[in-house]
Amino acid sequence: MIKRLRRDHFIDLRPFAASPAFARLWIGSTLSGLGGQLTIVAVMLQMYALTGSTFAVAMIAVTGLVPMIIAGLYGGMLADAFDRRMVALIAATITFASTVVLAVITWGQWETVAWLYALTIVNSAANTVVSATRAAIVPRLIPSDLLPAASALNGITVGIMVMVGPALAGVLVAFTGYAWTYTIDVVLMLSLFVGLWTLPSVRPEGVIVRPGLESLKDGWRFLKGASNIRLQFILDIIAMTFGQPLALFPAIGAILLGGGPITTGLLTASIAAGAFVSSLLSGPVGRVRRQGLGIERAIVVYGGAMTAFGLVLGAAALGWFAPVGVDENTPNVVLIVAAVITMIVAGAADNVSSIFRNTMLQAAVPDAIRGRLQGVFIVVVTGGPRLGALYAGVLATLTTLWFPPLLGGFVIIGLVSLLVRSSPRFRAYDAEHPVP
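K.L.:
How would you explain the overall build of the protein if you had to name every residue and give the values?
P.N.:
Across its full length, the protein holds 19 helices and zero strands. A compact globule built from 436 residues would reach a C-alpha radius of gyration of about 22 Å, and the protein, at 21 Å, matches this within 12%. The buried share of the protein, reckoned over its 436 residues, is 56%. Within the protein, contacts between residues separated by at least 24 positions form 87% of all contacts whose residues are at least 6 apart in sequence. Accessible surface computed for the protein: about 17,400 Å², of which carbon and sulfur atoms make up 72%. Charge centroids of the protein, computed over 27 positive and 18 negative side chains, lie 7 Å from each other.

Here it is, written out as structure tokens:
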């Protein structure tokens, strides 16, 4: 009975017992993802140090958008045509190599703005292929009834890597420098190869369509008739475009809330802390059958958290609770705590939405086309924040730092509520009878 209660009310660990291969993949993905977050935050901080421009930081994400879209779509086609294990291994090797080069040029003090942009583009494109292929592998490793639990465990992965990674990156950059931060990522990334290498061969089932235009058309035809999958993509793009203030964090830490890189790391880590805590409740989340309705409610809460974050930043701009001369060494502790709370709520809501969206995608999409749809999913999940970086960076440059999240939160709540209420089929989606 005790075990039953734990499983029902807290984290569901059954996927680990059901599939040792999934467990090894999860461990490798978690450790390598932690290292990846060190690099992401370090590159943002290094770009801001080189340029002093929030727009330049935002453009790190924007410049990689088109290559990432191409990589996601083509990587999905590869995953539906070849052994998914080998596709993931090759893409992971490219990611590893780009990080090694980043560490080498930083140790040699040869880093430039152009190098940072180029290497992050290569890194994000290859990582997109890894993520799409890995997600297409998971339903082949565990029973379908454990997919919500597996998605929640992936939420823990995100929580660990984004909660610990950015905070650790802020500390490492502040006390050891950029080169050591990138080097640690290189070491941690080795664990991903162990997780992938020990997988069995995972060839796609059903009719195989070779990568190319016909494969892309085949995936598009499926998506065109899959209204539930299509709408969840749209909802996530809305949430990430208008509610992604990550590119603002360096400037917020430097001039608005104070605390510098440490505040940047704390704010980013807070999003992951919310994701981590919500994943610990995977038992009750996994029992939700009306997952479309769950997605709507989670994203509305996310929009509300963004609005609250904008209000906190507005209070900081007005000088509330601020010591004299807020800067990198003099933080506004009260408002930093308030901002952290809003980001925790945002991270929890986004993770719950992600659990439902990922489960819907893996359960309702046939294996023969799952790689391509996972490719689109990864493009949406990673492309939305890049559009969000552009929205936040441009609007903050034209107005002020607190305005993009404040406005974005209202836009998210309004658009999501309107779209879902106009789609009864999505609101009535039943997890026990998945229909794409």
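That shown, we press on.
K.L.:
Provide a residue-level description of the packing of helix α4 (residues 54-63) against helix α17 (residues 367-398), including the pertinent values.
P.N.:
Where α4 meets α17, the closest approach of the two axes is 8 Å, and the angle between their N-to-C directions is 160°. As far as their axial angle goes, α17 and α4 are roughly antiparallel. Classified by chirality, the crossing of α17 by α4 is left-handed. Residue-level contacts link Phe55, Ala58, Ala61 and Val62 of α4 to Arg386, Ala389, Leu390, Gly393, Val394 and Thr397 of α17. In the contact of α4 with α17, the residues fall into seven nonpolar, two polar and one charged.

K.L.:
Which residues make up the pattern of salt bridges, and what values go with them?
P.N.:
This model, assessed by the stated rule, comprises eight salt bridges. A single network of salt bridges, built from pairs that share partners, joins Asp80, Arg84, Arg140, Asp367, Arg370 and Arg372.

K.L.:
Mind laying out the confidence of the model for the protein, listing which residues take part and the relevant values?
P.N.:
Interpretation of the predicted coordinates at a detailed level should be avoided for regions scoring low in pLDDT. Per-residue confidence for the protein gives a mean pLDDT of 85, with 97% of residues at or over 70. Within the protein, helix α18 (residues 403-421) carries the highest mean pLDDT (94), whereas helix α1 (residues 2-9) carries the lowest (47). Contacts for the low-pLDDT stretch residues 1-7, under 50 throughout, to residues beyond four places or in other chains number five contacts.

K.L.:
How would you explain a nonpolar patch on the surface if you had to name every residue and give the values?
P.N.:
Taken together, Val301, Val333, Val337, Ile341 and Val345 make up a surface patch of nonpolar side chains, about 400 Å² in accessible area. Top element by residues in the nonpolar patch is helix α16 (residues 333-364). It accounts for four residues. Relative to the assigned elements, valine 333 resides in helix α16.

What counts, and at which threshold
- Residues numbered from 1 in each chain as written.
- Predicted model: local features only at pLDDT ≥ 70, side-chain atom pairs only at ≥ 80, totals over all residues.
- Heavy atoms only, no water.
- Helix = DSSP H or I, 4+ residues; strand = E, 2+ residues; numbered from the N terminus.
- Rg over C-alpha atoms; globule rule 2.2 N^0.38 Å.
- Buried < 20%, exposed > 50% of the residue type's maximum accessible area, 1.4 Å probe, protein only.
- Contact = heavy atoms within 4.5 Å.
- Areas by Shrake-Rupley, 256 points an atom, 1.4 Å probe, with all protein chains shown as cover.
- Lys, Arg positive; Asp, Glu negative; His and termini not counted.
- Charge placed at Lys NZ, Arg CZ, Asp CG, Glu CD.
- Axes fitted to C-alpha atoms, helices over the stretch in contact; angles between N-to-C directions.
- Parallel < 35°, antiparallel > 145°, perpendicular 65-115°, else oblique.
- Left-handed = near helix turned anticlockwise from the far one by under 90°.
- Nonpolar A, V, L, I, M, F, W, Y, C, P; charged D, E, K, R; others polar.
- Salt bridge = Lys/Arg side-chain N within 4 Å of Asp/Glu carboxyl O.
- pLDDT = per-residue confidence, 0-100.
- Patch = residues over 30% accessible without salt bridge, like charges linked within 9 Å, V, L, I, M, F, W, Y side chains within 5 Å.

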